[in-house]
Amino acid sequence: MEDEKAFVNELLNPQTQQKAFSELVHRYQKPLYHHIRSLVLNHDDADDVLQNTFIKVVQYLKDFKGESKLYSWMYRIATNEALTYIKQKAKRNGFTPLEYQEKAVAKLESDPYFEGDVFQLQLQQAIAKLPEKQQLVFKMKYFQELKYEEISQILGTSVGALKASYHHAVKKIEEYITHN
């Protein structure tokens, strides 16, 4: 934890900021991209949201209190940025966020960056039908393999509620895949 405090201080210090920011991007770019991509589904959108996430991290780093780990705080920012992006894009196109997600899944097959097979497409279709909270919990647990404690810090939800959300999500996904 001391190393993290020192790293945050380097990020805040104008003399070490640039080098520390390069290290921050190097360390967190891939995991944040994969998390964001699992939410927005589209490569270009994920890149946009990732860029916005790093801008917000720099902008609000002075407000980081160290009550959670830095990556948990960054995941929370990335999650909020992705959800905001989805809501704005859905609204611009006259859809609800759920309808927008379903349409994004339908476009996955033609996405050159999507490496999944038929089962992966079906899984994404099932996930898109879940309520937002269940989608988030499922994706963070299943795809990012985060622990419930980490997800709890990122989403600000109790571990018990997260376990229940994950359980409900798994049941709904199993039901969808079995009947489609």
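Residues numbered from 1 in each chain as written. Predicted model: local features only at pLDDT ≥ 70, side-chain atom pairs only at ≥ 80, totals over all residues. Heavy atoms only, no water.

**Remarks on the overall build of the protein**
As a reminder, the rule being used: Runs of H or I in DSSP of at least four residues are treated as helices and runs of E of at least two as strands, each being numbered from the N terminus. For a compact globule the rule gives 2.2 Å times the number of residues to the power 0.38, and the radius of gyration it is set against comes from C-alpha atoms. When accessible area is computed with a 1.4 Å probe and restricted to protein chains, residues below 20% of their type maximum are described as buried, those above 50% as exposed, and intermediate ones as partly exposed. Residue contacts are defined here by distance: any two heavy atoms, one from each residue, within 4.5 Å place the two residues in contact. All accessibility values rest on the Shrake-Rupley procedure with a 1.4 Å probe; residue burial counts only the protein chains present in the view.
Check the secondary structure of the protein and you find nine helices and zero strands. For the protein, the N- to C-terminal ordering of α and β elements is α-α-α-α-α-α-α-α-α. In summary, the protein has a C-alpha radius of gyration of 17 Å against a globular reference of 16 Å for 180 residues, a match within 12%. Overall size of the protein, expressed as C-alpha extent along the three principal axes, is 55 × 35 × 30 Å. Per-residue burial for the protein yields a buried fraction of 44% across its 180 residues. Partitioning the intrachain contacts of the protein with sequence separation of at least 6 by distance along the chain shows that 60% fall at a separation of at least 24. Approximately 10600 Å² of the protein is accessible, and the part contributed by carbon and sulfur atoms is 50%.

**Points about the nonpolar core**
Put simply, the rule reads: The term nonpolar core refers to a set of buried residues drawn from Ala, Val, Leu, Ile, Met, Phe, Trp, Tyr and Cys, joined through side-chain atoms within 4.5 Å.
Counting 49 residues, the largest nonpolar core has Leu 24, Leu 70 and Met 74 as the members making the most contacts within it. For this core, the leading source of residues is helix 4 (residues 70–92), giving 12 residues. Contacts of Leu 70, omitting those with residues within four sequence positions, involve Glu 4, Phe 7, Val 8, Leu 11, Leu 24, Tyr 28, Leu 61 and Phe 64.

**Considering helix 5 (residues 97–107)**
Put simply, the rule reads: By arc we mean the arc of the directions from the helix axis to the C-beta atoms, nothing more.
Turning to helix 5, its buried residues number three or more, namely Tyr 100, Gln 101, Ala 104 and Val 105. Down the axis, helix 5 shows its buried residues gathered within 140 degrees of arc, on one side only. The inward-facing, buried residues of helix 5 contact helix 2 (17–40), helix 3 (43–60), helix 4, helix 6 (118–128) and helix 7 (132–142).

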